[in-house]
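Secondary and tertiary structure notes
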Amino acid sequence: MEFIKVGKTKDVYRLPDGNILLKFKDAVTGHAATGESDPGGNQVIGEKAGVGSAALKMTTYYFELFKKLGIKTHYVSSNLAANEMTVKAVQLFGNGLEFVVRYEAAGSFVRRFGGYIAEGAKLDAVYEITLKDDARDDPPATPGIIEALGLATAAQLAEIEALVKKVCGIVRDDLAARGLELIDIKVEAGLVNGEVALIDEVSAGNMRVYKDRKKLGYIELSDLIG
């Protein structure tokens, strides 16, 4: 097994068969200035025991669901006891793109557009793209910018948008069936064997979910899934 890199929430290794091993960690991301956990945050603000296993449990649940529905992902298998997930090798778009779907105004959306919209206002699956670049706080990018930078083609971006909205809608409906509200969610996509696929994770760490209008914590949400 070959070590590749240390990530904020996962360490990455290459397996002898060419697949990738992700080791989930107990890191909590958010905003260091406020100490607030946030699915849009790019900084590790601390650790909490059980966060890694909770993230893997929830990710496994959703990737197994997507597999049953015939949705393309990089997922191969999980070892929940070891906090490990095996995935297929991925070709990123540049250094990575992140895709956000918003069903309600919250977090960074309100910080940016609060002069025009109130926190809690309903949104109709507003779709955003950002470059994965922690040093620049994940700058937003339009499809035109992404094409101009040579990161993805118009056809790929259209396919990604359809995929992202589909999987986020599935997550939203699944949570709603449990009496939970999905406020916003961030996912990633890349190329697996040359085809657009959902990658990374789908967990409490990259979504904002309310129960009875109160935000659920990482572990609290994971315990309700699967």
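It should be noted that the structure appears before, not after, this text.
Summarised in this report is the structure supplied together with it. (Residues numbered from 1 in each chain as written. Predicted model: local features only at pLDDT ≥ 70, side-chain atom pairs only at ≥ 80, totals over all residues. Heavy atoms only, no water.)

**Some points on the sheet that holds strand β8 (residues 84–87)**
Strands pair in a sheet through their backbones, by hydrogen bonds, and they do so in one of two ways: parallel or antiparallel. The condition that has to hold: DSSP calls a pair of strands paired once it identifies at least 2 bridges connecting them. Secondary structure elements follow DSSP: runs of H or I of four or more residues count as helices, runs of E of two or more count as strands, with numbering from the N terminus. Throughout, an axis means a line fitted to C-alpha atoms (over the contacting stretch in the case of helices), and angles, computed between N-to-C directions, take values from 0 to 180 degrees. Residue contacts follow a heavy-atom distance rule, with two residues in contact if any of their heavy atoms lie within 4.5 Å.
Reading across from one edge, β1-β2-β3-β8-β7 is the order of the 5 strands in this open sheet, with antiparallel pairing throughout. Across the chains shown, the open sheet's two edge strands, defined by having one partner strand only, are β1 (2–6) and β7 (75–79). Each strand axis lies, on average, 25° off the axis of its neighbour in the sheet, ignoring direction. Pairing geometry for β1 and strand β2 (residues 10–14), over 4 bridges, is antiparallel. Its bridge partner lying in β2, valine 6 is registered against aspartate 11. The strands that helix α1 (residues 51–68) touches are β3 (20–24), β7 and β8; relative to β7, the one it contacts most, it runs at about 140°.

**Description of the side chain of aspartate 184**
For the record, the criterion: Each residue is assigned to one of three classes by its accessible area relative to the maximum for its type, calculated with a 1.4 Å probe on protein chains only: buried under 20%, partly exposed between the two thresholds, exposed over 50%.
Take aspartate 184: it is sitting in strand β11 (residues 181–192). Judged by relative accessible area, aspartate 184 falls into the buried class, the value being 3%.

**Concerning the pairing of β7**
Where β7 meets β8, 4 bridges bridge the pair, whose relative direction is antiparallel. Its bridge partner being in β8, tyrosine 75 is matched across the sheet by valine 87. The hairpin formed by β7 and β8 contains 4 residues between the paired strands, and asparagine 83 there has a positive phi angle of roughly 60°.

**Observations regarding the environment of aspartate 134**
By the element assignment, aspartate 134 lies in the loop between β10 (122–131) and α3 (143–148). In the structure, aspartate 134 is positioned 91 residues away from glutamine 43 in sequence and 7.9 Å away in space, judged by C-alpha atoms.

**Some thoughts on the packing of aromatic side chains**
Threshold: Pairing of aromatic side chains here covers Phe, Tyr and the six-membered ring of Trp, requires ring centres within 6.5 Å, and sorts the geometry by plane angle: under 30 degrees stacked, over 60 edge-to-face, intermediate tilted.
Counted under the stated rule, the structure contains 7 aromatic pairs. A ring pair is formed by phenylalanine 99 and tyrosine 127, whose centres lie 6.3 Å apart and whose planes are at 10°; its orientation type is stacked. With phenylalanine 99 in strand β9 (residues 97–104) and tyrosine 127 in strand β10, the pair connects residues that are 28 residues apart, well separated along the chain. The same class applies to phenylalanine 99 and to tyrosine 127, which are both buried. For the pair phenylalanine 109 and phenylalanine 113, a centre-to-centre distance of 5.0 Å together with 65° between the ring planes defines the contact as edge-to-face. Here phenylalanine 113 and phenylalanine 109 lie together in helix α2 (residues 108–113), a separation of 4 residues that amounts to about one turn.

**Thoughts on α1**
Under the convention used in this document: To estimate the expected span of a helix, subtract one from its residue number and multiply by 1.5 Å.
Given a rise of 1.5 Å per residue, 18 residues ought to cover 26 Å, and the 26 Å separating the end C-alpha atoms of α1 matches this to within 8%. Among the residues of α1, Val51, Gly52, Ala54, Ala55, Leu56, Met58, Thr59, Thr60, Tyr62, Phe63 and Phe66 are the ones counted as buried. Once α1 finishes, glycine 70 follows within two positions and takes phi at roughly 75°, a positive value.

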